[in-house]
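# Chains, contacts and geometry: an overview
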Amino acid sequence: MLNDAAQAALAGLKEAGIDFVSGLPDGWLRNLHELIDADPDIRYVPVCNEGVGFSVCAGAWLGGRKTALIMENSGLRVAAEYIARISIGCGVPVVLLLSYRGDLGDTEHWSIPHAIVVEPLLKTLRVPYQIVRHRADLRAVIKRAQRLAEAQLNPVAVLISGDCIWED
Amino acid sequence: MASEGLDRRAVVARLLAGDERLPVVLGLGATTWDAAAAGDHPLQFGLWGAMGSAVAIGLGVALARPDRRVLVITGDGEMLMGLGSLATVAAERPANLAVVVIDNERYGETGMQETHTARGVDLAGVAEAAGFPIVRRVADQAALEAAAALIRAAEGPVFLAIKVGTEPLPLVLPPRDGVLLKDRFREALLGHR
C-alpha cells in the first residue's frame, strides 16, 4: 500500500471515531497495520484468524467501542461464519477493511479465488461495500462506511485496490 | 468420569453470585441454559449460535471495558471450536477477564456425543501453554469456592476448567431474540443501546 493511502485510511478511521481495530497482517496493507498499531488513539488487537478478529470487534462494540477489522480479502471467508451468526443474528456494526487481492494489477496466481469469492460473499452476507480504486477517495469512504454501519447496525466493507496500492 | 462431576447448574449459579453483577458472555447451548436457570439478567449475553466465539467476544468486552470484571462461561465443545482465541487472550493479557469452561466432555445439544476432552485433551493445559497466568482445574466443591473468588479479584486473565456431570437437565431458556439480547446488554453496561 502506498504511504499516502495508508495515511488517508488512518485519517478516515480516526475521523470516523473508530478507536478499536483488530486485524491479521496482509502484505498489501502492511503499512496501514503498522500505522494503526502505533497510533495512541486506537486499540489494536492482532489476531490469529479473522473469525476471532470479527468476534473481538463485536465484543468491543458491545463494550462501547467503534470498531474495524483489517485483513486480506481471503479473510472474509474465515470471518463469514461469525459475520453471519453475530451480525445477521444480533445486528452488530463493524467496518471491514479488505485488500482486494486478485483485482487488476495483482501479480499473484493464488489470489484468483480471493477476487472470485469476495463480492458474491459480501452480497450473500448482505454486507454493503464499496471498492476504492483511487486513494483520494479512501478517507471519505471509510468515514461513510462507519456512518452506514452504525445506522444499519451491520458490517460495511471497504475494498482497497488500484492506486491505493500502486503508482501505476 | 464426567457423570461423577459437579452439578453444572449449581456451579454456574455459584460463579454468577456476588455483590457486583458481572457482564457475562455465555457460549451457545447448555451454559446459556445454566445461566438462565440461575436467573436471567440483561448483562448475560448468551450466544444462541456463533459457536467458537464466546472467548473472543468476551475478550472484546474486557478490552473495551477495563474498568469492569468480565466473565465468559462456555462449554468444552464450544471452547474446542475456538481454541485459537485463547492465544489472543494470552497475548493481550486482559487482567479483568475470566474464562470458565463447564466441561461435561459432551456435545450436549446434539445428542451427548463425546468431545475431545473425553479423549484426553486438557483445556487447562492449553490455556497454561498459551500463557494464561492463572489456571485452575476444578473437580470438587472446595476447589470451586477457591476458584470462584479468582473471577472477581485475581490479576487475570483467569482460566477455570470445571468438570461437571452429564445428567439430563430441564431446558431453561433466556429470550430467543439476538437483537434484544444485544440491546439489553449494551443498555445495562453502557446506559444506552
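Membership of the largest hydrophobic core comes to 67 residues, with the highest contact counts inside it found for Phe54(A), Leu76(A), Leu96(A), Phe132(B) and Phe159(B). No other element matches the nine residues that helix 3 (residues 54–64) of chain B contributes to this core. One finds Ala6(A), Val21(A), Ile36(A) and Val132(A) within the second-largest nonpolar core, a separate group that totals 32 residues.

A separate point is helix 6 (residues 123–130) of chain B. Residue and element names in this part refer to chain B. Within helix 6, burial applies to Leu123, Ala124 and Ala127. With its buried residues spanning 105 degrees around the axis, helix 6 presents them on a single face. In this structure, the buried side of helix 6 is in contact with helix 4 (76–81), strand 4 (97–103), strand 7 (134–138) and strand 8 (158–163). Sitting at the head of helix 6, Asp122 places a side-chain oxygen 3.2 Å from the backbone nitrogen of Ala124. At the C-terminal side of helix 6, Gly131 shows a positive phi close to 120 degrees.

Here we come to the side chain of Ser99(A). All names here are of chain A. Here Ser99 lies in strand 4 (residues 95–99). Assessed through its relative accessible area of 0%, Ser99 is described here as buried. When sequence neighbours within four positions are dropped, the list of residues in contact with Ser99 reads Asp26, Trp28, Leu29, Met71, Glu72, Asn73 and Ile160.

The full count for this structure, using the stated rule, is four aromatic pairs over all chains. Ring geometry for Phe132(B) and Phe159(B): centres 5.7 Å apart, planes at 80 degrees, overall edge-to-face. Of this pair, Phe132(B) sits in the loop between helix 6 and strand 7 while Phe159(B) sits in strand 8, placing them 27 residues apart in sequence. Residue class for Phe132(B) comes out buried when judged on its relative accessible area of 5%. Just above the ring of Trp61(A) sits the side chain of Arg186(B); from NZ or CZ to the centre is 3.7 Å.

Conventions adopted
Residues numbered from 1 in each chain as written. Chains lettered and ligands numbered in written order. Predicted model: local features only at pLDDT ≥ 70, side-chain atom pairs only at ≥ 80, totals over all residues. Heavy atoms only, no water. Core = buried A, V, L, I, M, F, W, Y, C linked by side-chain atoms within 4.5 Å. Buried < 20%, exposed > 50% of the residue type's maximum accessible area, 1.4 Å probe, protein only. Helix = DSSP H or I, 4+ residues; strand = E, 2+ residues; numbered from the N terminus. Arc of directions from axis to C-beta. Contact = heavy atoms within 4.5 Å. Polar contact = N/O pair within 3.5 Å; in protein donor to acceptor, adjacent residues only side chain to side chain. Phe/Tyr/Trp six-rings, centres within 6.5 Å; stacked < 30°, edge-to-face > 60°. Lys NZ or Arg CZ within 6 Å of the ring centre and 35° of its normal.

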